[in-house]
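# Remarks on the overall topology
Spelled out, the chains give:
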Amino acid sequence: MIQSMKMSVQTSRRNVLRNFLVGTSAVVAAPAISFATKYQAEKHYKLKGNINHSVCRWTFGHLSLDELCGVVKDIGFKAIDLVGPKDWPVLQQHGIYSSMCYTAGENNLTKGLNNPAFHSQLIKEYIDVIPMMAKAKYKNLICFSGNRNGMDDETGMKNCIEALKKILPLAEKNGVTLIMELLKSKIDHKDYMCDRSAWGVELCKRINSPNFTLLYDIYHMQIDEGDIIRTIRDNYRYFGHYHTGGIPGRHEINDTQELFYPAVMRAIVSTGFKDYVAQEFVPTRKDKIASLKEAIEICDV
């Protein structure tokens, strides 16, 4: 049942990726208090402003983008993650920021920058979208290593560097940052190359550009590596964006799962991080909006 649920979550994200891209193990003990109860006691909660909050579009796919924008404004934050160019006008109508952009092409998790066979297509897609982002005043653009498919990590890194060096001059000129996502390979995404923070950090060091960083997905990296807070403290210079998710299952980030997110968020704030932390959990409650409100408050340290 659990494996089936995980496969369903993975499939959902891939399906939503395809739709939106067209035109677009150290464990911290859970807290004793119930976050749900705490939220009910603070219905008129005011955000502190230490964290720039966002939410990933695909996790609330039961809502139209218009509806999700309304929810975001009602809760009190101003950004949505993982949105492609065709949907930017909807965000702009609501005054909502695209905190992580897609290209308008078929940019996906498995066919990434580590494979020269995809370089021509991917480079064009990035070169096309960067000026569009600059015009819209967006700055974060997601990218992926792709799967190994038998390739060793050093070769894959060199191939990523080769492609990125053809994109980054335009990104630097336009104030756009390419951000490569770290994804777990222990359970799903089994062949994904950028599955360890050390590999991603080494890639950042070799690229040596402020316009290339990593998306540190806390959910994924807790499963593959653990030691979340120390990793953040040691490598925060290379982390340009964060995603959340409850472990296991990528569900609510409250006391039903193994990480204590307030401590993780305090560690992020202590590094001086000023960009976005996006909720990327799949809600299980009937009232999914309540789950999002709860998660924002949990992370608002």
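Please refer to the structure higher up on the page.
What this report covers is the structure whose coordinates are included nearby. Every chain begins its residue count from 1, and numbering advances along the sequence as written. Owing to the predicted nature of the model, reporting of local features is limited to residues with pLDDT of at least 70; listing and counting of side-chain atom pairs is limited to 80 or more, with chain, interface and lining totals taken over all residues. Side-chain numbers come from the whole structure's heavy atoms, not from hydrogens or water.

## Thoughts on unusual backbone geometry
- For the peptide bond that leads from Ile247 to Pro248, omega is 0°, which places it in the cis range.
- If you check the backbone angles, Asn149 has positive phi at about 50° while not being a glycine.
- Note on placement: Asn149 falls in the loop between β4 (140-143) and α6 (153-174).
- Backbone geometry at Asn208 places phi at a positive 55°, although glycine is not the residue there.
- The helix and strand labels rest on DSSP assignments: H or I over at least four residues marks a helix, E over at least two residues marks a strand, and numbering proceeds from the N terminus. Tracing the backbone shows Asn208 in the loop between α7 (197-207) and β6 (212-217).
- With a 1.4 Å probe rolled over the protein chains alone, any residue whose accessible area is under 20% of its type maximum counts as buried; one over 50% counts as exposed, and the rest are partly exposed. Judged by its relative accessible area of 65%, Asn208 is exposed.

## Structural notes on helix α3 (residues 65-75)
- Residues of α3 that are buried include every one of Leu65, Leu68, Cys69, Val71, Val72 and Ile75, and no others. One side of α3 carries all its buried residues, which in axial view fall inside an arc of 160°.
- Directly beyond the C-terminal end of α3, a positive phi value near 120° is found at Gly76. By construction, the arc corresponds to the directions joining the helix axis to the C-beta atoms.

## What about α6?
- Compared with the 32 Å implied by 1.5 Å per residue over 22 residues, the 30 Å span of α6 between its first and last C-alpha is a close match.
- Consider a residue and the seven residues that end there alongside the seven that start there; fitting an axis to each set, the bend is the angle between those axes. At Ile167, α6 is bent by approximately 40°, the largest bend along its length, and proline Pro169 sits one to four residues beyond.
- A 3.5 Å cut-off defines polar contacts: any pair of N or O atoms within that distance qualifies, except that in protein one atom must be a possible hydrogen donor and the other a possible acceptor, and neighbouring residues in sequence count only when both atoms are side-chain atoms. Capping the start of α6 is the job of one residue whose side-chain oxygen sits 3.2 Å from the backbone nitrogen of Glu154: Asp152.
- Looking one or two places after α6, you find Gly175, whose phi comes out positive at around 70°. By this rule, a helix spans an expected 1.5 Å times one less than how many residues it contains.

## Let's talk about the packing of α6 against α7
- For the pair α6 and α7, the least separation of the axes is 10 Å and the interaxial angle reads 45°. Overall, the two elements α6 and α7 adopt an arrangement that is oblique. For α6 against α7, the interelement crossing comes out right-handed. Residue-level inspection shows Asp153, Glu154, Gly156, Met157, Cys160, Ile161, Leu164 and Leu168 of α6 in contact with α7, the latter providing Trp199, Glu202, Leu203, Arg206 and Ile207.
- Broken down by class, the residue content of the contact of α6 with α7 amounts to eight nonpolar, one polar and four charged. Orientation is described by lines fitted to C-alpha atoms, with helices fitted over the stretch in contact, and by angles between N-to-C directions that extend from 0 to 180 degrees. If an angle is under 35 degrees, it is roughly parallel; if it is over 145, roughly antiparallel; if it lies from 65 to 115, roughly perpendicular; otherwise it is oblique. With the far helix as reference, a near helix turned anticlockwise by less than a right angle produces a left-handed crossing, and one turned clockwise produces a right-handed crossing. Note on definitions: a residue-residue contact is assigned when non-hydrogen atoms from the two residues lie within 4.5 Å. For this classification, Asp, Glu, Lys and Arg are treated as charged, while Ala, Val, Leu, Ile, Met, Phe, Trp, Tyr, Cys and Pro are nonpolar and the rest, including Gly, are polar.

## Quick look at the pattern of salt bridges
- Salt bridge, as used here, is a side-chain nitrogen of Lys or Arg placed within 4 Å of a carboxyl oxygen of Asp or Glu. Per the counting criterion, the structure on display carries 14 salt bridges.
- The closest approach of N and O atoms between Glu154 and Arg206, which form a salt bridge, is 2.8 Å. In this pair, Glu154 is assigned in helix α6 and Arg206 in helix α7, connecting sequence segments 52 residues apart.
- You can call Glu154 partly exposed: its relative accessible area is 32%.
- A salt bridge links Arg285 to Glu294, with the shortest nitrogen-to-oxygen separation between them at 2.8 Å.
- Residue classification places Arg285 among the partly exposed residues on the basis of a relative accessible area of 25%.
- Among the charged side chains, a salt-bridge network with shared partners connects Arg148, Asp153, Asp195 and Arg196.

## What about the packing of aromatic side chains?
- Aromatic contacts are taken between Phe, Tyr and Trp rings whose centres are within 6.5 Å, Trp giving its six-membered ring; a plane angle under 30 degrees counts as stacked, one over 60 as edge-to-face, and the others as tilted. By the definition in use, this model includes eight aromatic pairs.
- Relative to Tyr138, the ring of Trp88 has its centre 5.1 Å away and its plane inclined at 80°; by these criteria the two rings are edge-to-face. On the criterion of sequence distance, the pair formed by Trp88 in helix α4 (residues 88-94) and Tyr138 in the loop between α5 (119-136) and β4 is long-range, its members being 50 residues apart. Here the two residues Trp88 and Tyr138 agree in accessibility, since each one is buried.
- Here the aromatic rings of Tyr216 and Tyr242 are separated by 6.0 Å at their centres, their planes lie at 75°, and the arrangement is edge-to-face. Here Tyr216, found in strand β6, pairs with Tyr242, found in strand β7 (residues 239-243); they are 26 residues apart in sequence, far enough to count as distant. Each member of the pair, Tyr216 as well as Tyr242, carries the same accessibility label: buried.
- By way of ring pairs, the aromatic residues Trp88, Tyr97, Tyr138 and Tyr276 are connected into one cluster.

## Regarding the pairing of strand β2 (residues 79-83)
- In terms of burial, β2 is largely enclosed, as five of its five residues are buried.
- In short, DSSP must find at least two bridges between two strands for them to pair. For strand β1 (residues 52-56) and β2, the ladder comprises two bridges, and the chain directions are parallel. Note that in β2 the partner of Val55 across the bridge is Ile80.
- Crossovers are described as right-handed under a simple rule: with the strands pointing away from the observer, the path leading from the first strand over the helix to the second runs clockwise. At this point the chain moves from β1, through α3, to the parallel β2, and the crossover so formed is right-handed.
- As paired elements, β2 and strand β3 (residues 97-101) share four bridges and run parallel to each other. Bridge pairing in β3 places Asp81 opposite Met100.
- The parallel pair β2 and β3, bridged by α4, forms a crossover whose chirality is right-handed.

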